[in-house]
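Take a look at the letters that make up each chain.
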Amino acid sequence: MWNFSPLFPGDGTVVFMDFAGGMYRLNLMTGAQIWRTLPADTRDTFTDGGAGLGPNQMAYSCSNMGVGSEGSGGVARGFHLSNGSMAWEKKIPMPCNSYPSVGHLEGVEPLAVVVTPGSFMGQENLHGEVLALDATTGATIWSHEVKPYSGPGGQAAGDAEGFPTRAIEKIQPICLPAHWSSPLIDGKGMVIAGRSDGSMYKLYGPQSSFKGSISNMSVNNGTVAEIIPLGSAFLHGALAAAPGIFAISS
């Protein structure tokens, strides 16, 4: 396991993913295995990502075809919760090092799975995107590629600035977060994610249905995003929302 994040369907079972994209479901009271699905082509891989549950009796995973470095690929998958069989598989040209978010997007009819592909830190010219997939079929709904990012020494925004303080306190010298936070889908169907470049991205979806006016607008592949610089990078669980309030931690 890595960044173990168990999921609870609410029926006395627990679902989770290993760091190579394998999915498991256990009886929560006894630990007995109900099913496990280990995709054969990714058993020697590693990801910082994990899995998510949908309201449609399916579970979704985000993992890698390699070890998450720039130039390697990723994969998103959908699994039937009842028996663990794979419903679909979507190969992605960038690594998938975060957790899926499942919900309804603005201007889009089918239930969607959103992932945030991007490489691990420690390299230059890192590519990334926000990708929305049909939750039933895995077909691409929309994608938004962002500008390649290069931080000081290949690190995330804020790591170089925090180094002296960490050195004085004799703790881990760098944070080394993943490329993206996990995405969040708000009640209006907007996707929000924090990136290693220190900015928060708000994805409004297809440009054809966008009626607003925003600053720092980014248009890519027919989708609209707003980029809000916040100064430093984010971990997976950086976003939280409740009625009337939204929070992000960097």
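Now for a description of the structure that goes with this document. Nothing here was measured: the structure is a model prediction, and the numbers come from that model.

### So, the environment of A51
Relative to the helices and strands, A51 is located in strand β4 (residues 51-53). When the C-alpha positions of A51 and Y204 are compared, they lie 24 Å apart, and in sequence the two are 153 residues distant. Those residues in contact with A51 that lie beyond four places of it in its chain are L7, M17, M23, Y60, S61, Y99 and P100.

### Focus on the packing of aromatic side chains
Evaluated as defined, the whole model comprises eight aromatic pairs. Ring geometry for F4 against F16: centres 5.4 Å apart, planes inclined by 70°, an arrangement best described as edge-to-face. Taken together, the positions of F4 in the segment before β1 (13-17) and F16 in strand β1 put the pair 12 residues apart, joining distant regions of the chain. Since its relative accessible area comes to 49%, F4 is described here as partly exposed. Aromatic pair Y204 and F210: ring centres 5.1 Å apart, planes at 55°, arrangement tilted. Three or more aromatic residues joined by ring pairs make a cluster, and in this case those are W2, F19, F46 and F120.

### So, the pattern of salt bridges
Tallied over the full model, the rule gives nine salt bridges. With a closest N to O distance of 2.5 Å, R25 and D11 form a salt bridge. Placement of the pair is R25 in strand β2 (residues 23-27) and D11 in the segment before β1, with a sequence separation of 14 residues. Given the relative accessible area of 46%, D11 is considered partly exposed. Its salt-bridge partner being E89, residue K91 comes within 3.8 Å of it at the nearest N-O pair. Here K91 falls in the partly exposed class, since its relative accessible area comes to 43%.

### Topic: the sheet that holds strand β8 (residues 101-103)
Strand order in the open sheet formed by four strands is β8-β9-β10-β11, with antiparallel pairing between adjacent strands. The outermost strands of the open sheet, each flanked by one partner alone, are β8 and β11 (140-149). Direction aside, neighbouring strands of the sheet carry axes that sit 15° apart on average. Of the strand pairs in this sheet, strand β10 (residues 126-134) and β11 are connected by seven bridges, and their pairing is antiparallel. Each residue of the ladder has a partner; that of L126, found in β11, is Y149.

### Considerations on the pairing of β10
Regular strands have side chains that alternate between both faces of the sheet. Most of β10 is tucked away, with eight of its nine residues classed as buried. Relative to β10, strand β9 (residues 112-115) runs antiparallel, the two being bridged by four bridges. Looking at the pairing, V113 lines up with L133 of β10. Here β10 folds back onto β11 in antiparallel fashion, the turn holding five residues, of which G138 has a positive phi close to 85°.

### Quick notes on the sheet that holds β2
If you trace the three strands from one edge of the open sheet to the other, you get β1-β2-β3, paired in antiparallel fashion. Of all the strands in the sheet, just β1 and β3 (33-37) have a single pairing partner and so form its edges. When strand polarity is set aside, the average angle formed by the axes of neighbouring strands in this sheet is 10°. As judged from the five bridges shared by β1 and β2, these two strands associate in the antiparallel manner. Within β2, the residue paired with V14 across the bridge is L26.

### A closer look at the side chain of S218
Within the secondary structure layout, S218 lies in strand β15 (residues 217-220). Of note is the side chain of S218, whose polar atom sits 3.0 Å from the side chain of H144. Setting aside its immediate chain neighbours within four residues, S218 contacts H144, T223, V224, A225 and I227.

Calculation rules
Residues numbered from 1 in each chain as written. Predicted model: local features only at pLDDT ≥ 70, side-chain atom pairs only at ≥ 80, totals over all residues. Heavy atoms only, no water. Helix = DSSP H or I, 4+ residues; strand = E, 2+ residues; numbered from the N terminus. Contact = heavy atoms within 4.5 Å. Phe/Tyr/Trp six-rings, centres within 6.5 Å; stacked < 30°, edge-to-face > 60°. Buried < 20%, exposed > 50% of the residue type's maximum accessible area, 1.4 Å probe, protein only. Salt bridge = Lys/Arg side-chain N within 4 Å of Asp/Glu carboxyl O. Pairing = 2+ DSSP bridges. Axes fitted to C-alpha atoms, helices over the stretch in contact; angles between N-to-C directions. Polar contact = N/O pair within 3.5 Å; in protein donor to acceptor, adjacent residues only side chain to side chain.

Geometric descriptors of this kind do not, in isolation, establish any biological role.
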